[in-house]
Amino acid sequence: SPDNNPDAAEVRRQYVVGRMEALGYLTPAAAEQIRTNKPVLSAPPSPTTIAYKYPWYVDTVRKYLFSKYGEALTLGGGLNVQTTLNPAQQNAADAAVTKALPKDTDPYSAMVSVDPKTGYVTAMVGGRDFAAEKFNLATQGRRQPGSAMKPFVLIAALEKGISPLTVYDGPAQICLANWLPTCTVTSYNNESFGAITLETATIHSVNTVYAQLIMQVGPQSVVQVANAMGVPGPRWLLNSVPGCRPVGSPDCYDHLTAEPSLALGSNDVSPLEMASAYATLADHGVYHEPKFVSAVTDSTGKVLENGPNPGVQVVNPAIVTTVDRILHEVVTMGTGTGADIGRPEAGKTGTTSDFRNAWFVGYTPELATATWVGYRNANLPLLGVEGVPQMAGGTIPATIWANYMKAALPKATPDILAADSADMGLTNAP
């Protein structure tokens, strides 16, 4: 920066002029004139003149355009870009987060909404202050999702013919061979459930049952389900994630590890990935790669892209109907009752060890949304936040999700409720 480090900036300027002369872009006379005539610096613009609405979203759109069309065309090619942002939903998302976590000392929340029918990202909360914090927690931030990963295990089990009515032992603790680093798995609050069905174990998020289940179906099967449903996310976005260098590294494209603890959320994921994956459930098992741009034309009016990415059927619709019903019961009678908005919906809570990350991910036929709460710079316990002694996914994250979805969704008329109930196979839903 010529403001902060003028001597180094001048050295660099002289180097660039010399290279331009050597490569024939400047004549010797022109190069000499530039060398001796130092530029006059203008005062930096005030923040109000460079600020723009929805900065996290706009910055992600810029990354996408750079990756697909290059910086030169993006910045100087006269592109006309239509985004997928829904301003009303974005305003509702910002308001829901601010209402739940109003203090500067509060942890952060990240949120992403995806239209299940198109994969369009309609709203995104990536942080608190873009001017000071460019790191986008919604797309680049990866944290353990806890039990929000259990639907992938459930799908893998259903694909192998395991019935939701299969009975498992649900003790407070269980010791399983090959479970690392120790053999012990503990249920939330050390609660014992006795003999319960897989369906009930999902509703109440029983860790000891799901530990047995992933050992039965195999961790690799769960990875395959998650990969097909959108975890990890788009390759162009993964390239900007810390740890994904060099570009093209396999770690960037398949960061889930096939290990038993995957069932309890041991692998890191982003809110975008979780919203996109649950959107696959909301669209009857059809995955649409998430998009931030719906149309792009060049300076001549030529259409460079238009519409969503094609949908791919990755989960059997019959299995999705079963998952919809069970995840609906999570909201109506299980760990996710804090997210109950009184209409056909489904979702799953996620709470990690020592309350360091808390999630609620859910959907209706119209919209899938992932909400994460945690500290931005470290995995610290979420204790005593806004009156909540220990933050689980069913507390503040579920509240944020519910307040947002109430504002973001169309009014719940009887016709919409009936259509959504039929869409999700919820005959007894509101």
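Cut-offs and rules
- Residues numbered from 1 in each chain as written.
- Predicted model: local features only at pLDDT ≥ 70, side-chain atom pairs only at ≥ 80, totals over all residues.
- Heavy atoms only, no water.
- Helix = DSSP H or I, 4+ residues; strand = E, 2+ residues; numbered from the N terminus.
- Rg over C-alpha atoms; globule rule 2.2 N^0.38 Å.
- Buried < 20%, exposed > 50% of the residue type's maximum accessible area, 1.4 Å probe, protein only.
- Contact = heavy atoms within 4.5 Å.
- Areas by Shrake-Rupley, 256 points an atom, 1.4 Å probe, with all protein chains shown as cover.
- Patch = residues over 30% accessible without salt bridge, like charges linked within 9 Å, V, L, I, M, F, W, Y side chains within 5 Å.
- Salt bridge = Lys/Arg side-chain N within 4 Å of Asp/Glu carboxyl O.
- Axes fitted to C-alpha atoms, helices over the stretch in contact; angles between N-to-C directions.
- Parallel < 35°, antiparallel > 145°, perpendicular 65-115°, else oblique.
- Left-handed = near helix turned anticlockwise from the far one by under 90°.
- Nonpolar A, V, L, I, M, F, W, Y, C, P; charged D, E, K, R; others polar.
- Pairing = 2+ DSSP bridges.
- Phe/Tyr/Trp six-rings, centres within 6.5 Å; stacked < 30°, edge-to-face > 60°.
- Lys NZ or Arg CZ within 6 Å of the ring centre and 35° of its normal.

1. Focus: the overall build of the chain
Step number 1: Within the chain one finds 16 helices and 16 strands.
Step number 2: Here the chain has a C-alpha radius of gyration of 24 Å; the compact-globule value for 430 residues is 22 Å, and the two agree.
Step number 3: Dimensions of the chain along its principal axes, counting C-alpha atoms only, are 85 × 50 × 40 Å.
Step number 4: In the chain, which comprises 430 residues, the proportion classed as buried is 51%.
Step number 5: Within the chain, residue pairs in contact and separated by at least 24 positions form 71% of the contacts whose partners lie at least 6 positions apart.
Step number 6: If you sum the accessible surface of the chain, you get close to 19,000 Å²; carbon and sulfur atoms cover 55% of it.

2. Side note on a nonpolar patch on the surface
Step number 1: A cluster of nonpolar side chains, namely Tyr 15, Val 16, Met 20, Leu 23 and Tyr 25, defines an oily patch on the protein surface of about 530 Å² accessible area.
Step number 2: Locating Tyr 25 in the fold gives a position in the loop between helix H1 (6–22) and helix H2 (28–36).

3. With respect to the packing of helix H6 (residues 87–100) against helix H15 (residues 396–408)
Step number 1: Interhelical geometry of H6 versus H15 gives an angle of 150 degrees and a closest axis separation of 9 Å. In terms of their interaxial angle, H6 and H15 are classed as roughly antiparallel. The handedness of the crossing between H6 and H15 comes out as right-handed. Every residue of H15 that contacts H6 at Gln 89, Ala 92, Ala 93, Ala 96, Val 97, Lys 99 and Ala 100 is listed here: Ile 396, Ile 400, Asn 403, Tyr 404, Ala 407 and Ala 408.
Step number 2: Taken together, the residues that form the contact of H6 with H15 break down as ten nonpolar, two polar and one charged.

4. Details of the sheet that holds strand S2 (residues 108–114)
Step number 1: Sheet architecture is open: five strands sit in the order S3-S2-S14-S13-S12, paired in antiparallel fashion. Sheet topology places strand S3 (121–125) and strand S12 (346–351) at the edges, where each strand pairs with a single neighbour. Going from strand to strand, the sheet's axes swing by 5 degrees on average, the running direction of each strand aside.
Step number 2: Here seven bridges tie S2 to strand S14 (residues 368–374), and the two strands are oriented antiparallel to one another. Looking at the pairing, Val 114 lines up with Ala 368 of S14.
Step number 3: The sheet strands contacting H15 are S2, S3, strand S13 (358–363) and S14, and the helix crosses S14 at an angle near 145 degrees.

5. Side note on the environment of Gln 82
Step number 1: Counting through the fold element by element, Gln 82 comes out in strand S1 (residues 80–83).
Step number 2: A relative accessible area of 48% means that Gln 82 is categorised as partly exposed.
Step number 3: Each C-alpha atom of the pair Gln 82 and Val 61 lies 9.9 Å from the other, and the pair is 21 residues apart in sequence.
Step number 4: If sequence neighbours within four positions are ignored, Gln 82 has contacts with Val 293, Ser 294 and Ala 295.

6. Quick look at the packing of aromatic side chains
Step number 1: The full count for this structure, using the stated rule, is seven aromatic pairs.
Step number 2: Clustering of aromatic rings is evident, with ring pairs tying together Tyr 57, Tyr 64, Trp 236 and Phe 292.
Step number 3: Over the ring of Tyr 108 we find Arg 128, and its NZ or CZ is 4.0 Å from the ring centre.
Step number 4: Note that Lys 134 overlies the ring of Phe 130, its terminal NZ or CZ placed 4.9 Å from the centroid.

7. Quick look at the pattern of salt bridges
Close approach of charged atoms lets side chains of opposite charge pair.
Step number 1: Scanning the entire structure with this criterion turns up 13 salt bridges.
Step number 2: One salt bridge in this structure joins Glu 273 and Arg 142, with 2.6 Å as the shortest N-O distance. Placement of the pair is Glu 273 in helix H13 (residues 271–282) and Arg 142 in the loop between S3 and helix H7 (150–159), with a sequence separation of 131 residues. For the pair formed by Glu 273 and Arg 142, the shared burial category is buried.
Step number 3: The partner of Asp 354 in a salt bridge is Arg 356, with the nearest N and O atoms 3.8 Å apart.
Step number 4: Overall, Arg 356 belongs to the partly exposed group, its relative accessible area being 30%.
Step number 5: Residues joined in a network through salt bridges with shared partners are Glu 21, Glu 32 and Arg 35.

8. What to know about the packing of H7 against helix H10 (residues 219–229)
Step number 1: At a minimum axis separation of 8 Å, H7 and H10 run at an interaxial angle of 110 degrees. Taken together, H7 and H10 sit at an angle that is classed as roughly perpendicular. Relative to H10, the crossing made by H7 is right-handed. The residues of H10 that touch H7, namely those facing Phe 152, Val 153, Ile 155, Ala 156 and Glu 159, are Ser 221, Val 222, Val 225, Ala 226 and Met 229.
Step number 2: Residues of the contact of H7 with H10, tallied by class, amount to eight nonpolar, one polar and one charged.

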